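Chain by chain, the residues run as shown.
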Amino acid sequence: MRIDNLDVCVADELLVERVENELIILNKNTEQIISMNEIATVIWEKICKAKEEDNEFTICDISKYIMNLCQLDNERYFEIQRDINECLNQFRIAGLLVL
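Residues numbered from 1 in each chain as written. Predicted model: local features only at pLDDT ≥ 70, side-chain atom pairs only at ≥ 80, totals over all residues. Heavy atoms only, no water.

**Q** Requested: an account of the pairing of strand β6 (residues 32–36), with residues and values cited.
**A** Sheet topology places strand β5 (residues 22–27) next to β6; five bridges connect them, and they run antiparallel. Following the sheet pairing, Ile24 is matched in β6 by Ser35. Between β5 and β6, which pair antiparallel and follow one another directly, the connecting turn spans four residues, one of which, Glu31, has a positive phi of 60 degrees. (Pairing = 2+ DSSP bridges. Helix = DSSP H or I, 4+ residues; strand = E, 2+ residues; numbered from the N terminus.)

See below:
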């Protein structure tokens, strides 16, 4: 799978459980539990869908999707992109994504 032309893999050995609009993920390799808020959940689900379909997407694609989902105005676009990049970095640090 590719995100913004970078090869990205979802880590193996993840146990994912949905609790309302949020996800709880157990990384069995590190025994770390990650709790995702609603927006991080949306980002994670986009990643997993792209993985299943062997697709690629861009930060721009996710930004537009979240802006539509949350009914945000265009003035927040760059803020949303920055937040998505930070979220992806946190996924990497937590061992959920491998670049």
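Here the narrative resumes, following the displayed structure.
**Q** Account for the packing of helix α1 (residues 38–53) against helix α2 (residues 59–70), naming residues and giving values.
**A** Following both chains from N to C, one finds α1 and α2 inclined at 135 degrees, their axes separated by 11 Å at the closest point. Looking at the two axes, α1 sits oblique to α2. When you trace α1 past α2, the crossing you get is right-handed. Taking contact as the criterion, the partners of Ile39, Val42, Ile43 and Lys46 in α1 are, on α2, Ile62, Tyr65, Ile66, Leu69 and Cys70. Its residues assigned to classes, the contact of α1 with α2 comprises eight nonpolar, no polar and one charged. (Axes fitted to C-alpha atoms, helices over the stretch in contact; angles between N-to-C directions. Parallel < 35°, antiparallel > 145°, perpendicular 65-115°, else oblique. Left-handed = near helix turned anticlockwise from the far one by under 90°. Contact = heavy atoms within 4.5 Å. Nonpolar A, V, L, I, M, F, W, Y, C, P; charged D, E, K, R; others polar.)

Everything listed here is a matter of coordinates, which is why it stays silent on function.
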